[in-house]
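One letter stands for each residue in the lines below.
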Amino acid sequence: MKSLTTWQMCALLAISVISNKLLMLPSIMYEYVGRDAIFVIIFKFLLAAMFIGVLMYALTKNPDKTLRELVSTIIGDVGYRILAFLVFVVYFFKTFLLLFESELFLGSVMYQDYDKLLFLVPTMLVAGYIAYKGLQTVGRTCEALCGVIFIGLFLTFLLSISELDCSNILPLGIEDFSNYFEALNACFLWFGNYFLIFFCLGDVKMTKNLVGKVYTVFGISTLFVLAFFFVFYANFEYSSGLHKFAISDITQFTPEIASFTKVDWFTVIIWMMTNVLQCAIQIYIMQRTFIETFGIRKTQVFSFIFLSLILLIYLFNPFNLSEFIEFVTVYVSPFVFFVGVTLLILILIATIMLNRRKSKQGGNKKCLGN
Amino acid sequence: MEQGSVEISNYILEKLNNNSDVVCRNLIISGTKIDVIYVKDISNYEIISQDVLLPLSRVDKLSISIDLDYVHKSVLAAGNIDVEVDVDNAISELLKGKTLVILDSSKQILVVDSTKFNTRGIEEPPTSAVLKGPREGFNENIKNNVSMVRRRIASTDLVMKDLNVGKQTATAVTVMWLKGIADDAVVKAILNKIKAIDIDGVVDSNYIAEFLQNRKNSIFQQIGTSEKPDIVTAKLLEGRVAIFVDGSPIVLTLPYVLFESFQSSSDYYSKHYHATLTRWVRLIAIFFAVILPGFYVAVQLYHYDIVPLKFLVTIMNTTSGLPFTPLFETLFIILLFEILNEASVRMPKHLGMAMSIVGALILGDTAVKAGLISPPAMMIVALSGITLFVVSDLSDQLSLLRLGFTLMGGLLGLYGVILSGIFLVAYLNSIDSYGAPYLSPLSPHVKSDMKDFLNMVPLTDMKKRPKSFKNKNKNKTKLSKSKEVEE
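No experiment lies behind these values; they were computed from the predicted model shown. For every chain, the first residue of its written sequence is number 1, and the numbers climb from 1 along that sequence. Each chain takes a letter, starting from A, and each ligand takes a number, starting from 1, following the order in which they are written. The predicted origin of the model limits local features to residues at a pLDDT of at least 70 and limits the giving and counting of side-chain atom pairs to 80 or more, whereas totals for whole chains, interfaces and linings rest on all residues. Side-chain metrics rest on all non-hydrogen atoms present in the structure, leaving aside hydrogens and water.

**Focus: the overall build of chain B**
When helices and strands are counted, chain B shows 16 helices and twelve strands. Its C-alpha atoms give chain B a radius of gyration of 29 Å, clearly above 23 Å, the size a compact globule of 487 residues would have. Based on the C-alpha atoms only, the size of chain B along its principal axes is roughly 100 × 55 × 40 Å. Split into buried and exposed, the 487 residues of chain B put 49% on the buried side. By sequence separation, contacts in chain B at least 24 residues apart represent 64% of the contacts at least 6 residues apart. Only the protein chains shown count as covering a residue, and every accessible area follows the Shrake-Rupley method with a 1.4 Å probe. In the structure as shown, chain B presents an accessible area of about 23,500 Å², 59% of it carried by carbon and sulfur atoms. Neither His nor the chain termini are counted; the positive set is Lys and Arg, and the negative set is Asp and Glu. Taken as the charge location is NZ of Lys, CZ of Arg, CG of Asp or CD of Glu. Computing the positive centroid from 50 side-chain charges and the negative centroid from 50, chain B places the two 8 Å apart. What counts as a helix is a DSSP run of H or I of at least four residues, what counts as a strand is a run of E of at least two, and both are numbered from the N terminus. A radius of gyration in this sense is built from C-alpha atoms; the matching globule rule multiplies 2.2 Å by the number of residues raised to 0.38. Working definition: with a 1.4 Å probe on protein chains only, accessible area under 20% of the residue-type maximum means buried, over 50% means exposed, and in between means partly exposed. What makes two residues a contact is simply this: any of their non-hydrogen atoms within 4.5 Å.

**Quick word on the sheet that holds strand E2 (residues 32-39) of chain B**
Hydrogen bonding along the main chain pairs the strands of a sheet, whether they run parallel or antiparallel. All names here are of chain B. Judged by pairing direction, the sheet is antiparallel, and its five strands sit side by side in the order E1-E2-E4-E5-E3 without closing on themselves. Two strands lie at the open edges of the sheet, namely strand E1 (22-29) and strand E3 (81-84), each paired on one side alone. Along the sheet, successive strands turn relative to each other by an average axial angle of 20°, direction set aside. Think of it this way: DSSP has to see at least two bridges between two strands before they count as a pair. Strand direction decides the pairing type here: E1 and E2, joined by eight bridges, are antiparallel. Opposite Ile29, over in E2, you have Thr32 as the bridge partner. Interaxial angles span 0 to 180 degrees and are taken between N-to-C directions of axes, which are lines fitted to C-alpha atoms, for helices over the stretch in contact.

**Describing the interface of chain A and chain B**
On the side of chain B, 31 residues touch chain A, which itself brings 30 residues to the contact. Defined here as a combined quantity, buried area equals the accessible surface (1.4 Å probe) lost by two parts on assembly, summed across both. Buried surface at the junction of chain A and chain B, summed over both partners, amounts to about 2,600 Å²; 72% is from carbon and sulfur atoms. Three residues stand out in chain A for area buried against chain B, namely Tyr111, Tyr129 and Arg140 of chain A, and they jointly supply 24% of the buried area on that side. When a carboxyl oxygen of Asp or Glu is within 4 Å of a side-chain nitrogen of Lys or Arg, the pair counts as a salt bridge. Counting every contact that joins chain A to chain B gives one salt bridge. Ionic pairing is found between Arg140 of chain A and Asp432 of chain B, a salt bridge with its closest N-O pair at 3.5 Å. Polar contact is defined as a pair of N or O atoms within 3.5 Å, subject to the rule that within protein one atom must be able to donate a hydrogen and the other to accept it, and that residues adjacent in sequence are counted only when both atoms are side-chain atoms. Along the contact surface separating chain A from chain B lie six residue pairs in polar contact (both at pLDDT 80 or more). The greatest single-element share of the side of chain A that touches chain B, amounting to eight residues, is contributed by helix H5 (residues 116-133) of chain A. Under the scheme applied here, ten amino acids are nonpolar (Ala, Val, Leu, Ile, Met, Phe, Trp, Tyr, Cys and Pro), four are charged (Asp, Glu, Lys and Arg), and all others, including Gly, are polar. Of the residues assigned to the side of chain A that touches chain B, the class counts are 19 nonpolar, seven polar and four charged.

**Looking at the packing of helix H14 (residues 395-412) of chain B against helix H15 (residues 414-429) of chain B**
All names here are of chain B. In contact at an axis separation of 6 Å, H14 and H15 are set at 140° when each is read in the N-to-C sense. Looking at the two axes, H14 sits oblique to H15. The handedness of the crossing between H14 and H15 is right-handed. Across from Leu401, Phe405, Met408, Gly409 and Leu412 in H14, the residues of H15 making contact are Leu414, Tyr415, Gly416, Val417, Leu419, Ser420, Gly421 and Leu424. When the residues that make up the contact of H14 with H15 are grouped by side-chain class, the tally is nine nonpolar, four polar and no charged. Convention used here: angles under 35 degrees read as roughly parallel, angles over 145 as roughly antiparallel, angles from 65 to 115 as roughly perpendicular, and any remaining angle as oblique. Helix crossings fall into two classes, left-handed where the near helix is turned counterclockwise from the far one by less than a right angle and right-handed where it is turned clockwise.

**Quick word on the packing of aromatic side chains**
All names here are of chain A. A pair of Phe, Tyr and Trp rings is counted when the ring centres sit within 6.5 Å of each other, with Trp represented by its six-membered ring. The angle between the planes then sorts it: under 30 degrees is stacked, over 60 is edge-to-face, the rest tilted. By the definition in use, this model includes 40 aromatic pairs over all chains. Taken together, a centroid distance of 5.6 Å and an interplanar angle of 40° make the contact between Phe302 and Phe306 tilted. Taken as a pair, Phe302 and Phe306 lie in helix H12 (residues 300-315) at a separation of four residues, close to a single helical turn. On the basis of relative accessibility, which here comes to 12%, the residue Phe302 falls in the buried class.

**Let's talk about the nonpolar core**
Most often, soluble globular proteins have nonpolar side chains that are buried together. The biggest cluster of nonpolar side chains holds 177 residues, and the ones touching the most others in it are Met29 and Phe105 of chain A. Not counting residues up to four positions away in its chain, the partners in contact with Met29 of chain A are Gly34, Ala37, Val40, Ile41, Ala183, Cys187, Phe229 and Tyr233 of chain A. Residues belong to a common nonpolar core when they are buried Ala, Val, Leu, Ile, Met, Phe, Trp, Tyr or Cys residues joined through side-chain atoms within 4.5 Å. Counting residues in hydrophobic clusters, the runner-up holds 24 residues, among them Val173, Trp177, Ile190 and Ile197 of chain B.

**Let's talk about the side chain of Gln213 of chain B**
Residue and element names in this part refer to chain B. Along the chain, Gln213 turns up in the loop between helix H7 (205-212) and strand E8 (224-226). Given a relative accessible area of 10%, Gln213 falls into the buried group. Aside from chain neighbours lying at most four places away, what touches Gln213 is Lys193, Gln222 and Ile223.

**A closer look at the state of the cysteines**
The criterion for a disulfide is a pair of cysteine sulfur atoms lying within 2.5 Å. One pass over the full model with this rule turns up zero disulfides over all chains. In this structure Cys142 of chain A is not part of a disulfide, and its nearest cysteine sulfur, from Cys146 of chain A, lies 7.4 Å away.

**Topic: the pattern of salt bridges**
All names here are of chain B. A complete count under the given rule lists 26 salt bridges over all chains for this structure. Residue Glu140 is joined to Arg120 by a salt bridge in which the shortest nitrogen-to-oxygen separation is 3.1 Å. On the criterion of sequence distance, the pair formed by Glu140 in the loop between strand E5 (109-112) and helix H5 (142-152) and Arg120 in the loop between E5 and H5 is long-range, its members being 20 residues apart. Owing to a relative accessible area of 33%, Arg120 belongs among the partly exposed residues under this scheme. Here Asp452 ties to Arg279 by a salt bridge, and the two come within 2.9 Å at their closest N and O atoms. Of this pair, Asp452 sits in the loop between strand E12 (436-437) and helix H16 (481-486) while Arg279 sits in helix H9 (residues 272-301); the two residues are 173 residues apart in sequence, bridging distant segments of the chain. Each member of the salt-bridge network shares a partner with another, and the members are Lys235, Glu238, Arg240 and Glu260.

**Some words on the side chain of Thr233 of chain B**
All names here are of chain B. With respect to the secondary-structure elements, Thr233 resides in helix H8 (residues 229-238). Residue classification places Thr233 among the buried residues on the basis of a relative accessible area of 7%. Contact partners of Thr233, with chain neighbours within four places excluded, come to Val149, Arg152 and Ile153.

**A word on H8 of chain B**
Residue and element names in this part refer to chain B. Of all ten residues making up H8, eight are buried, and the element is well covered by its neighbours. Its buried side turned inward, H8 meets H5, strand E6 (158-165), strand E7 (171-178), E8, strand E9 (241-245) and strand E10 (251-254). Looking one or two residues beyond H8, the residue adopting positive phi is Gly239, at roughly 110°.

**Points about a positive patch on the surface**
Each patch is built from residues lacking any salt bridge and having more than 30% relative accessible area; the joining distance is 9 Å for like charges and 5 Å for nonpolar side chains (Val, Leu, Ile, Met, Phe, Trp, Tyr). A grouping of Lys61, Lys65, Arg357 and Lys358 of chain A is seen on the molecular surface, where their side chains present a positively charged patch. Here Lys61 of chain A lies in helix H3 (residues 37-61).

**Some words on the domain arrangement of chain B**
What counts as a domain boundary in this text is fixed by an automatic or database domain assignment. Parsing chain B into structural domains produces domain 1 (5-112), domain 2 (126-255) and domain 3 (271-430). A separation of 33 Å is found between the C-alpha centroids of domain 1 of chain B and domain 2 of chain B.

**Considerations on the sheet that holds E6 of chain B**
Residue and element names in this part refer to chain B. Taken in spatial order, the five strands line up as E6-E7-E9-E10-E8 in an open sheet, and their pairing is antiparallel. Edge strands, defined here as strands with exactly one partner in the open sheet, are E6 and E8. With strand direction ignored, the average angle separating the axes of adjacent strands in the sheet is 25°. Two elements, E6 and E7, share eight bridges in a ladder whose sense is antiparallel. Residue pairing across strands places Asp162 opposite Thr174, the latter belonging to E7. Along the sheet, H5 makes contact with E6, E7 and E9, crossing E7 at roughly 10°. Sheet contacts for H7: E6, E7, E9 and E10; angle to E10, the most-contacted strand, approximately 20°.

**Observations regarding the pairing of E2 of chain B**
Residues and elements named next belong to chain B. Of all eight residues making up E2, seven are buried, and the element is well covered by its neighbours. Hairpin connection of E1 to E2: two residues between the antiparallel strands, including Ser30 at a positive phi of 45°. Bridge count for E2 against strand E4 (residues 99-103) is four bridges, and the pairing is antiparallel. Among the inter-strand pairings, Ile34 is bridged to a residue of E4, identified as Leu103.

Shown next, in the form of structure tokens:
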């Protein structure tokens, strides 16, 4: 039985698109490429839209084939296992980034006295529980909370629009072209969340206009992120790089809201939901790829050990966020790109091959019928 | 048993320990020995004398030879008579209030339905009172309960299956569904589960419910309950299965989705605008009940800058000098509230008023004046306590959740409250009740069922049966196939 409905996949995609882009990414990108970060983001999203197109093609042509089945037809099961492990590594870094960001945000903005462990253990337990329950629970939870999250974020957006000065964002396109590539390379881990669609393959109930719905949701989420960047840069102008936590700063430094009340806190809290859900999605993918690589049976004990290990590695890792970003930029970004593109090419080839096989079989049957 | 009426009667009486409430009338009618056995406190004397003893005495005057078949078909006047071969089965029927007629010339036993139990009248159930709409409620008699639903559904598609559960109690259980509407697989699964129940006795329908739910340790009920025949009828018409248990006024319905608890029968007897408003009010009440104390604790401990300054000053003035931390203070008031609640339920009615005055007014007021608790905390917990009962079906669960949220608010602040909320949604999403996702039609989103979700449309626009759970014949106005064929 298929685990996900179309809307659940759309909700997963929407949360993935917005989750980690509204906190530190705006200021980090500003440091690389200034306000032209908007162009970099547009380019990233166009790339993502193209990749999603390939995935949708695979999904609609072979709705019952999972990622493993598709990739195995080209490179065999051992080849798939190697690729699955590489995906695990990619998500390992992505999860670290998410935890780094959330931890910094909670410690700096939300709490005065902050205990790292007291934050991490419950977060991992909740995210781990959702992941352990499987794709269906992940999808349903995202679907149930997606509406609340979007309303909350939209409210934040509306509240911050009052101070908007569009002239601050202009002129665009003044940065050096090499900075664009640098920004592209540095922010790799924040993007590519459409990867999760790989793991939805074969598990989505096909409905009418599936591709249209997916692209509509992706388009709306993308526009939201772009609009957020636009408002952020327009509000803070040259000081954009100093505002590390965009989602809270965008409303905190808006006098109109500050004089009203601290209502922006509620939207910030709602935004925290996306991070927990994104964490659950990533742990699910990590767990699944790990299981598929090593052929382990999924049990409660395994999931618990798996979570504990990730938590321990995170707690004792020697990096701080800037060191981590540097490490990721140099060593991980090319690797992420390689894994993503390889998977896509393999899926595309597998889909075309399977289609040809199908049409050949169909042709043979017709001949026999005649 | 190769014996005559005397041996059978003796066997029965011995099996029943020659109890004083078991009556055995030995008759000789037209030369044939006939024993009439019944349990006097649970049998209807009128039926026994008018439909059994009197017709038998008339036969005696005709002086003809009689056998069991003749007595069954031509003598006894009772409406419901069965022929039983197994003596032990006959004994269990006897213990349900039926009368046994044993002829010396036959190995079979006639079982005459003469059941009579003293039961509570048909009253409006206190948990589902309505301003407008039917006020009938179920009582403890399964026959009454089944008849109340049967009266409302005059359809040949209504199917009932009688079962007995409990080795000692042999409690009557009736499973009811509408053929052509309820899903066959669901009906089969329920029947199989009930048949497989291994228990010594069933005292209430909750005993059956415990066996039917998939997650035994969940705090959430996975089975619908109702005390009103109009609600059960509506649920049957949607394609659900109803389970009646003798001795219980609570009828179980399956499959169950959480949102059923938000719906009240009165929603369907008033304008849909009003129903929509009240449903939103219920949802908000649930949020208040569960989240408010945790939120208050979190704000007090970690995020007081959220509170507008003037209000913060008021709170600070009232909370300064308190001996407890906000978390302990709130937990203490919740504990106090739970004790008062438990006491008021158990206490005789005429003491209830005094109890509420002592508890709510004097105790609360004195505690505030003594500087043990603060007025804002008292107000928050009181509001949460009241809103717990807005959706009475869920009050037990909400009460536990409130504790959890308060603890998380105290430990992790608002992030803890949010984490608890996400965990709760995920947990609810992982529950299924006989193929029905627990949070449906919210997730998975079922567009057509949204017509009867928080925003309710007029009844005339609800033309489809719910798609949140498996059922057949989705169109409400279309008769099931079997009926169409007959017509």
